[in-house]
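# An overview of the molecular structure
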Amino acid sequence: MALQPAITELDQLKDKPAVAALQAASLVDSAKFDRDELTIYVNRADIRRACEILRDSPTTKFNFLSDVTCVDVFPSEPRFEVIYNLLSHSRKERVSLIAKVPGGDPSIESLIGVWPSANFFEREVFDLFGVRFVGHPNLRRIMMPEDWEGHPLRKDYPVEGYR
């Protein structure tokens, strides 16, 4: 069976409850539905509000933050994409929210107030990529030693480390 092309037109995705809920609040920058996976891009300033809507809306019920991760798309700008993977247990549905974060100011609002489980995920992204989570109560290294120089998953980090 041939793969279906990705759907990127918002008009064709308005039947997806997550897209509809965020579009009603004017929070969707773009979206993609590909291979039964929904990805929604939101502005980094709106990430907390978008997550609260998806968690609290009776049509979405995304009650579980399963992961927070990051991608460094260096040398492109905005440099980082912070990815939030959400799960709705009752609807048996997943969605990925992506917020683009510039390299000159790698910061985004912490989601610990929305999902306490964001704590260690955000610390890991901070440690390995250097993205700061504003409002995080204990943003310090979790993987690397406290005195480690740099962030090893950045694409411009030397393969052999700093010497």
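Below you will find a few notes about this structure. (Residues numbered from 1 in each chain as written. Predicted model: local features only at pLDDT ≥ 70, side-chain atom pairs only at ≥ 80, totals over all residues. Heavy atoms only, no water.)

## Re the overall build of the protein
Along the protein, the regular secondary structure elements total four helices and seven strands. Starting at the N terminus and ending at the C terminus, the protein contains elements arranged as α-α-β-β-α-β-β-β-β-α-β. In terms of overall dimensions, the protein is globule-like: its C-alpha atoms have a radius of gyration of 17 Å, near the 15 Å expected for 163 residues. If one aligns the C-alpha atoms of the protein with their principal axes, the spans along those axes are about 55 × 35 × 30 Å. For the protein, with 163 residues in total, the buried portion stands at 43%. Pairs at least 24 apart in sequence give 49% of the contacts found in the protein among residues at least 6 apart. In the form shown here, the protein has an accessible surface area of approximately 9100 Å², with 51% of it arising from carbon and sulfur atoms. (Helix = DSSP H or I, 4+ residues; strand = E, 2+ residues; numbered from the N terminus. Rg over C-alpha atoms; globule rule 2.2 N^0.38 Å. Buried < 20%, exposed > 50% of the residue type's maximum accessible area, 1.4 Å probe, protein only. Contact = heavy atoms within 4.5 Å. Areas by Shrake-Rupley, 256 points an atom, 1.4 Å probe, with all protein chains shown as cover.)

## Some words on the environment of Trp148
Mapped onto the elements of the fold, Trp148 is located in the segment after β7 (132-134). Its relative accessible area of 35% is what places Trp148 among the partly exposed residues. The spatial distance from the C-alpha of Trp148 to the C-alpha of Asp127 is 9.5 Å, given a sequence separation of 21 residues. Setting aside anything within four residues of it in sequence, one finds Trp148 in contact with Arg141 and Tyr157. Polar contacts involving the side chain of Trp148 include one to the side chain of Tyr157, which spans 3.0 Å. (Polar contact = N/O pair within 3.5 Å; in protein donor to acceptor, adjacent residues only side chain to side chain.)

## Looking at helix α2 (residues 17-24)
Within the sequence span of α2, burial applies to Pro17, Ala18, Val19, Ala21 and Leu22. Immediately beyond the C-terminal end of α2, within one or two residues, lies Ser26, with a positive phi of roughly 55°.

## A short note on the layout of surface pockets
The computed volume of the largest pocket comes to approximately 230 Å³. Along its surface, the largest pocket is lined by 14 residues, and Asp36, Glu37, Leu38, Arg94 and Val95 are the ones closest to its centre. Elements with a minimum of two residues in the lining of the largest pocket: β2 (37-42), β4 (80-88) and β5 (93-101). In terms of residue count, the dominant contributor to the lining of the largest pocket is β5 (four residues). (1 Å grid on protein atoms, 1.4 Å probe; cavity = no way out; pocket = protein on both sides within 12 Å on 5 of 7 lines; lining within 4 Å. Points joined across faces, edges and corners; volume = space filled by probe spheres on them.)

## As for the pattern of salt bridges
This model, assessed by the stated rule, comprises ten salt bridges. Between Arg44 and Asp105 there is a salt bridge whose closest N-O contact spans 3.3 Å. Of the two residues, Arg44 is situated in the loop between β2 and α3 (47-56) and Asp105 in the loop between β5 and β6 (107-109); the sequence distance between them amounts to 61 residues. A residue is classified by how much of its surface remains accessible, and Asp105, at 31% relative accessible area, is partly exposed. A salt bridge links Arg48 to Glu52; its shortest N-O distance comes to 3.3 Å. Taken together, the residues span about one helical turn, with Arg48 and Glu52 both in helix α3 at a distance of four residues. For Arg48, a relative accessible area of 24% translates into the label partly exposed. The class for Glu52 is partly exposed, based on a relative accessible area of 27%. Look at the salt bridges and you will find they share partners, linking Arg44, Asp105 and Arg132 into a network. (Salt bridge = Lys/Arg side-chain N within 4 Å of Asp/Glu carboxyl O.)

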